[in-house]
Amino acid sequence: EVILQADCEHEMGYEGVAIMELIGQMAYTSAYTQLRTKEQLGYIAGAFTRKTAGGSMGLSVMVQSSTTLPADLEARCEAWVTQFREELEQMKAGDLANEALAIIASLLERNMKFSDEVSTAWSNIVSTTVLGTQYNAPPFYKYERLVKELVLKGMDIEAVGGDALAFPESERQTPEELKQKVLEMWDRYFAAGAPERKAISARVYGRKAIDEYNQNVGKCG
């Protein structure tokens, strides 16, 4: 597993978190297709957003294989990171808008059980307890704020239950503008050589690779 860390949720703000969620959705499909379907590295393969200790947002790329050694898997994950940047560059703005609409539909989906509603509210409360009195107002309308960052010009969100969130066209960004923000975030945090790239790799060796494991014990990287 390779975890690429961005900033904490508080520093990224609603716009940053929304873009992070959008990247996570597109990254999963791409990583699964490349690492599992095409390269057949293992049954478990994909990429997803992840929040680590301290509320830091990030992107996790994970592959579990019974045949390929961890160092080689990490190299393939890094190769996918470079490939996905090219996919983002080539993606049509309209396709990006469809991905954003899928995120909006997910965010606006209502809790079906009272326990889920309580869990959502409580998570919003505890997420602010470490921020001090200046920032400790629970973000109960977090999902609505995230939706607003993803609603684009010409997008009909009433179709996904967003009638109460019908923002004027003048307040919306274009698909091209959103795409540019996605590329900027990728180039800032995740791309190879990104100025604020922070990565950690966790390697687990199976019993078949015990000799390789013993050779690497105590070695950096």
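Residues numbered from 1 in each chain as written. Predicted model: local features only at pLDDT ≥ 70, side-chain atom pairs only at ≥ 80, totals over all residues. Heavy atoms only, no water.

Describe the overall build of the protein chain, listing the residues and the values that go with them.
Within the protein chain, the secondary structure is distributed over seven helices and four strands. Helices (α) and strands (β) of the protein chain occur, in sequence order from the N terminus, as β-α-β-β-α-α-α-α-α-β-α. C-alpha atoms of the protein chain, sized along the principal axes, occupy 60 × 40 × 35 Å. Taken over 221 residues, the protein chain has a buried fraction of 34%. Restricting to contacts in the protein chain with at least 6 residues of sequence separation, those with at least 24 account for 65%. (Helix = DSSP H or I, 4+ residues; strand = E, 2+ residues; numbered from the N terminus. Buried < 20%, exposed > 50% of the residue type's maximum accessible area, 1.4 Å probe, protein only. Contact = heavy atoms within 4.5 Å.)

Can you break down a nonpolar patch on the surface residue by residue, with the values?
There is a patch of nonpolar side chains on the surface, built from I210, Y213 and V217 and spanning about 250 Å² of accessible area. For Y213, the location among the structural elements is in helix α7 (residues 210-216). (Patch = residues over 30% accessible without salt bridge, like charges linked within 9 Å, V, L, I, M, F, W, Y side chains within 5 Å. Areas by Shrake-Rupley, 256 points an atom, 1.4 Å probe, with all protein chains shown as cover. Salt bridge = Lys/Arg side-chain N within 4 Å of Asp/Glu carboxyl O.)

Residues and numbers for the side chain of S56, please.
Mapped onto the secondary structure, S56 falls in strand β3 (residues 56-64). Overall, S56 belongs to the buried group, its relative accessible area being 13%. Excluding residues within four positions of it along the chain, S56 makes contact with Q5, D7, C8, R50 and K51.

Let's hear about the sheet that holds strand β4 (residues 198-201): which residues, and what values?
Spatially, β2-β3-β1-β4 is the arrangement adopted by the four strands of the open sheet, whose pairing is antiparallel. The outermost strands of the open sheet, each flanked by one partner alone, are β2 (44-52) and β4. Neighbour-to-neighbour, the strand axes of this sheet turn through a mean angle of 20°, independent of strand direction. Here β2 runs beside β3; their pairing, made up of nine bridges, is antiparallel. Paired with F48 across the strands is S60, a residue of β3. Along the sheet, helix α1 (residues 9-38) contacts β1 (2-8), β2 and β3; its crossing angle with β2, the most-contacted strand, is approximately 170°. Running at roughly 110° to β1, helix α6 (residues 175-190) makes contact with β1, β3 and β4 of the sheet. (Pairing = 2+ DSSP bridges. Axes fitted to C-alpha atoms, helices over the stretch in contact; angles between N-to-C directions.)

Outline the nonpolar core, listing residues and values.
The biggest cluster of nonpolar side chains holds 51 residues, and the ones touching the most others in it are L22, L35, W80, W186 and F190. Put simply, the parts of the chain that give this core at least two residues each are β1, α1, β2, β3, α2 (70-90), α3 (93-108), α5 (142-150) and α6. If one sorts the elements of this core by residue count, α1 sits on top with eleven residues. Apart from residues no more than four positions distant in its own chain, W186 is found in contact with I23, L59, W80, V81, F84, R85, L88 and A191. (Core = buried A, V, L, I, M, F, W, Y, C linked by side-chain atoms within 4.5 Å.)

Describe the packing of aromatic side chains, with residues and values.
Describing an aromatic ring pair means giving the distance of the ring centres and the angle of the ring planes. Inspection of every chain in the model, using the stated rule, returns seven aromatic pairs. A ring pair is formed by F84 and W186, whose centres lie 5.1 Å apart and whose planes are at 70°; its orientation type is edge-to-face. In this pair, F84 sits in helix α2 while W186 sits in helix α6, placing the two residues 102 residues apart along the sequence. Accessibility assignment for this pair places F84 and W186 in one class, buried. (Phe/Tyr/Trp six-rings, centres within 6.5 Å; stacked < 30°, edge-to-face > 60°.)

Would you mind going over unusual backbone geometry in detail, with residue names and values included?
The phi dihedral of Q40 falls on the positive side, at around 50°, and the residue is not glycine. As for its placement among the helices and strands, Q40 is situated in the loop between α1 and β2. Looking at Q40, the relative accessible area reads 63%, which means it is exposed.

Residues and numbers for the packing of α1 against α6, please.
In a pair of packed helices, the angle between the axes and the distance between the axes together describe the arrangement. α6 packs onto α1 with a crossing angle of 85° between their chain directions and a minimal axis gap of 10 Å. Considering the angle they form, α1 stands roughly perpendicular to α6. Residues M12, E15, G16, I19, M20, L22, I23 and M26 of α1 pack against L178, K181, V182, M185, W186 and F190 of α6. Looking at side-chain class alone, the contact of α1 with α6 contains eleven nonpolar, one polar and two charged residues. (Parallel < 35°, antiparallel > 145°, perpendicular 65-115°, else oblique. Nonpolar A, V, L, I, M, F, W, Y, C, P; charged D, E, K, R; others polar.)

Provide a residue-level description of the pattern of salt bridges, including the pertinent values.
The tally for this structure, following the rule as stated, stands at eleven salt bridges. In this structure, E15 engages K181 in a salt bridge whose closest nitrogen and oxygen atoms are separated by 2.8 Å. Taken together, the residues span a long stretch of sequence, with E15 in helix α1 and K181 in helix α6 at a distance of 166 residues. According to the relative accessible area criterion, E15 is partly exposed, its value standing at 35%. For D187, the salt bridge goes to R85, with nearest N and O atoms at 2.7 Å. Taken as a pair, D187 in helix α6 and R85 in helix α2 lie far apart in primary sequence, 102 residues in all. Accessibility expressed as a relative area gives 32% for D187, which makes it partly exposed. Within the structure, one salt-bridge network assembled from shared partners comprises D7, R188 and E196.

That's the geometry; what it means functionally is another story.
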